[in-house]
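Structural characterization, general
As a plain string of letters, each chain reads:
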Amino acid sequence: LYFIKDEHGRYLHISQSFCTFFGADKAAIIGKTDLDLFPENIARQFLHNDNEVRETGKPVEVIESVPQKNAGVTHSIVHKFPIEMPGNRRFVGGVAVDITERKAVDELNVHLSALVESSNDAIMALTLAGHISSWNKGATKLFGYNAEEMIGKHFSILFPDIAPLTLQVLEIGLGHPLEEFELKGAHKNGNGLDLSLRISPINNGQGKIVGTSLVGRDIGKRRQDEERIKQLNSELEARCSELSDLNLALQSARDDALQASKIKSLFLANMSHELRTPLSAILGMNEMLLLSELDGEQKQLAQTVHASANNLLKLVNDLLDLSKIEAGKLSFKSSEFDIRETINGVLKTFSSEADQKGIKLSSEISNAV
């Protein structure tokens, strides 16, 4: 598309493609200036470029962008040149080429390049012969080499065990798909690297493979974490085995304790029954003695024997109660008793030992009790 403007910036002639590009009739454009047709900031830029041509008398080539109603912003390379007219009048002619699509592609490429450059992954492009043609900051961070050191070098410098990777690159060159795989790498300082790699073909737009892209990521930390997890799992399994053995030992000890408790309860029950037999005989003989003719002191002694034997029988009964407690069969009952009689019985039980030691036992209970 082309156009001619007079010394005042008015359009004198435009091509039909110019009208089509801007979606307007010639009648709506001829005689108008850029200020009449476009937003002021854009029109001022166009006029500035025109004035440069008029003032210098030299052509210029610029990129001019114009917002369209339904097509967004269009971009054109415009070659503007002076046209000398009689009377020292200088018109401006222009030829424009629409580069909107090309500029969009360029902007996309710039955006993609920025993404590649800012990636933490190592990203490089290889020729089909395996020479490095591009190198991002992520690759410098991972391998230690800068781009100047690596562009043009064969990628084998980065991988000690090159055979598997060479095979993968050849597979890509033949157009075969490739999944992510792991490989050993080498840092500039000589240290080894554990890497995860992805290799993809680079097409030239006509479906022909012209190179290979290689994306690498350091998985050393992940490997360390995996080894640590394996170690912790192993320690946990060993601990679980120890706890299992301990549980078995505790279960065995509990069974032994239960068995011992049963034996103890059986022993107490048997002993209490065995003790009752002689006690019953003692109480029976003592009751017969109390029914015989005794003087006062003899009768008191016999009564003390009787009370003591009764107390001993109660202790034997308590042993039976203990075995009932362990068996969960103990029952309680409430009954009235004479406190004075109980206290006097206790004193009589110990009166003989007290007399032998020269001690007098006595009790005093308030009438209010």
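Refer to the structure above for everything that follows.
This text gives an overview of the structure that appears in the document. In this text, all values refer to a predicted model and were calculated from it rather than measured experimentally.

Cut-offs used in this document
- Residues numbered from 1 in each chain as written.
- Predicted model: local features only at pLDDT ≥ 70, side-chain atom pairs only at ≥ 80, totals over all residues.
- Heavy atoms only, no water.
- Salt bridge = Lys/Arg side-chain N within 4 Å of Asp/Glu carboxyl O.
- Helix = DSSP H or I, 4+ residues; strand = E, 2+ residues; numbered from the N terminus.
- Buried < 20%, exposed > 50% of the residue type's maximum accessible area, 1.4 Å probe, protein only.
- Pairing = 2+ DSSP bridges.
- Axes fitted to C-alpha atoms, helices over the stretch in contact; angles between N-to-C directions.
- Contact = heavy atoms within 4.5 Å.
- Expected span 1.5 Å × (residues − 1).
- Bend = angle between axes of the 7 residues up to and from the residue.
- Polar contact = N/O pair within 3.5 Å; in protein donor to acceptor, adjacent residues only side chain to side chain.
- Core = buried A, V, L, I, M, F, W, Y, C linked by side-chain atoms within 4.5 Å.
- Phe/Tyr/Trp six-rings, centres within 6.5 Å; stacked < 30°, edge-to-face > 60°.
- Arc of directions from axis to C-beta.

In this section: the pattern of salt bridges. On inspection of all chains with the given rule, the structure shows 14 salt bridges. A salt bridge links Asp50 to Lys80; the shortest N-O distance between them is 2.7 Å. Linking Asp50 in helix α3 (residues 40–56) with Lys80 in strand β4 (residues 72–85), this pair joins segments that are 30 residues apart in sequence. No difference in accessibility class separates Asp50 from Lys80, as the two residues are buried. Overlapping salt bridges, with partners in common, bring together Lys5, Asp34, Asp50, Glu64 and Lys80 in one network.

What follows covers the sheet that holds strand β6 (residues 122–127). The five strands lie next to each other as β7-β6-β10-β9-β8, forming an open sheet whose pairing is antiparallel. At either margin of the open sheet sits one strand with a lone partner, and together these are β7 (132–135) and β8 (181–186). Geometrically, the sheet is characterised by an average inter-axis angle of 35 degrees between neighbouring strands, direction not taken into account.

Relative to the helices and strands, Leu301 is located in helix α9 (residues 296–327). A sequence separation of eleven residues divides Leu301 from Leu290, and the C-alpha atoms of the two residues are 9.7 Å apart.

On to the side chain of Asn286, then. With respect to the element layout, Asn286 can be found in helix α8 (residues 220–291). A relative accessible area of 5% places Asn286 in the buried class. Apart from the residues lying within four places of it in its own chain, the contact partners of Asn286 are Ala302, Val305 and His306.

Before going further, it helps to examine the pairing of strand β10 (residues 209–218). Pairing analysis gives six bridges linking β6 to β10, with the strands arranged antiparallel. Among the inter-strand pairings, Leu126 is bridged to a residue of β10, identified as Thr212. Bridge count between strand β9 (residues 192–203) and β10: nine bridges; the pairing is antiparallel. Paired with Leu197 across the strands is Gly216, a residue of β10.

Residues three or four positions apart in an α-helix share a direction because the helix packs 3.6 residues into each turn. For helix α10 (residues 339–356), built from 18 residues, the straight-helix expectation of 26 Å at 1.5 Å per residue is met to within 8% by its first-to-last C-alpha distance of 27 Å. At Phe350, α10 shows its largest kink, close to 45 degrees. With a side-chain oxygen positioned 2.9 Å from the backbone nitrogen of Arg340, the residue opening α10 is Asp338. Of the residues flanking the end of α10, it is Gly358, one or two places downstream, whose phi is positive at about 70 degrees.

Core analysis: the largest hydrophobic core is formed by 20 residues, its most contacted members being Met124, Ile132, Trp135, Phe143, Leu158 and Phe159. Only β6, β7, α5 (137–143), β8 and β9 provide two or more residues apiece to this core. Looking at this core, the element that brings in the most residues is β9, giving four residues. Core analysis: the next-biggest nonpolar cluster, separate from the first, contains 16 residues, Phe22, Phe46, Val78 and Ala96 among them.

Right, let's talk about the packing of aromatic side chains for a bit. Considering all chains together, one arrives at seven aromatic pairs under this definition. Judged by centre distance (5.6 Å) and plane angle (50 degrees), the rings of Tyr11 and Phe18 are tilted. As far as the burial class goes, Tyr11 and Phe18 line up, both buried. Grouping aromatic residues by their ring pairs yields a cluster made of Trp135, Phe143, Phe155 and Phe159.

Let us look at α3. Spanning 17 residues, α3 covers 24 Å between terminal C-alpha atoms, matching the ideal 24 Å at 1.5 Å per step. Three or more residues of α3 are buried, namely Ile42, Ala43, Phe46, Leu47, Asn49, Asp50, Val53 and Arg54. One side of α3 carries all its buried residues, which in axial view fall inside an arc of 155 degrees. Facing away from the buried side of α3 by over 90 degrees, the exposed positions are Glu40, Asn41 and Glu55. One or two residues past the end of α3 sits Gly57, with phi positive at roughly 70 degrees.

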